[in-house]
Amino acid sequence: MSEKDEHIEKIKKIRKIDDVKDDEIMTVGQVAAYLKISEEIIIKLVKEGEVPAFKIGEHWRVKKNDLGNFVEALRQGKRV
């Protein structure tokens, strides 16, 4: 996949996030796109307990409300 195609895919993921309601769950890919960081970093933060998440089988999921709380804590100076 070319760099341009990867960029287009990231934009599509970000647009999908706008459709996620506050009480819905997000995939690691959606969270990464929303925060504009890599999926690997999100998984690390999840495993360290910094980002509240749960597993469905082998897949991590994050409630959008919990992500909002995490982002707000960062805005108030919390360091991860």
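Computed from a predicted structure; not experimentally measured.

Here's the deal with unusual backbone geometry
For Lys 36, which is not a glycine, the phi torsion comes out positive at approximately 60 degrees. Tracing the backbone through its elements, the reader meets Lys 36 in the loop between helix 2 (28-35) and helix 3 (39-47).

Focus: helix 4 (residues 64-75)
Side chains that are three or four residues apart share a direction in an α-helix, a result of its 3.6 residues per turn. In this model helix 4 runs 16 Å from its N-terminal to its C-terminal C-alpha over twelve residues, within 8% of the 16 Å that 1.5 Å per residue would give. Among the residues of helix 4, those classed as buried are Lys 64, Leu 67 and Phe 70. Considered in projection along helix 4, the buried side chains sweep an arc of 115 degrees and stay on one side of the axis. At the exit of helix 4 stands Gly 77, carrying a positive phi of roughly 110 degrees.

So, how was this worked out
- Residues numbered from 1 in each chain as written.
- Predicted model: local features only at pLDDT ≥ 70, side-chain atom pairs only at ≥ 80, totals over all residues.
- Heavy atoms only, no water.
- Helix = DSSP H or I, 4+ residues; strand = E, 2+ residues; numbered from the N terminus.
- Expected span 1.5 Å × (residues − 1).
- Buried < 20%, exposed > 50% of the residue type's maximum accessible area, 1.4 Å probe, protein only.
- Arc of directions from axis to C-beta.

These values are about where atoms sit, not about what they do.
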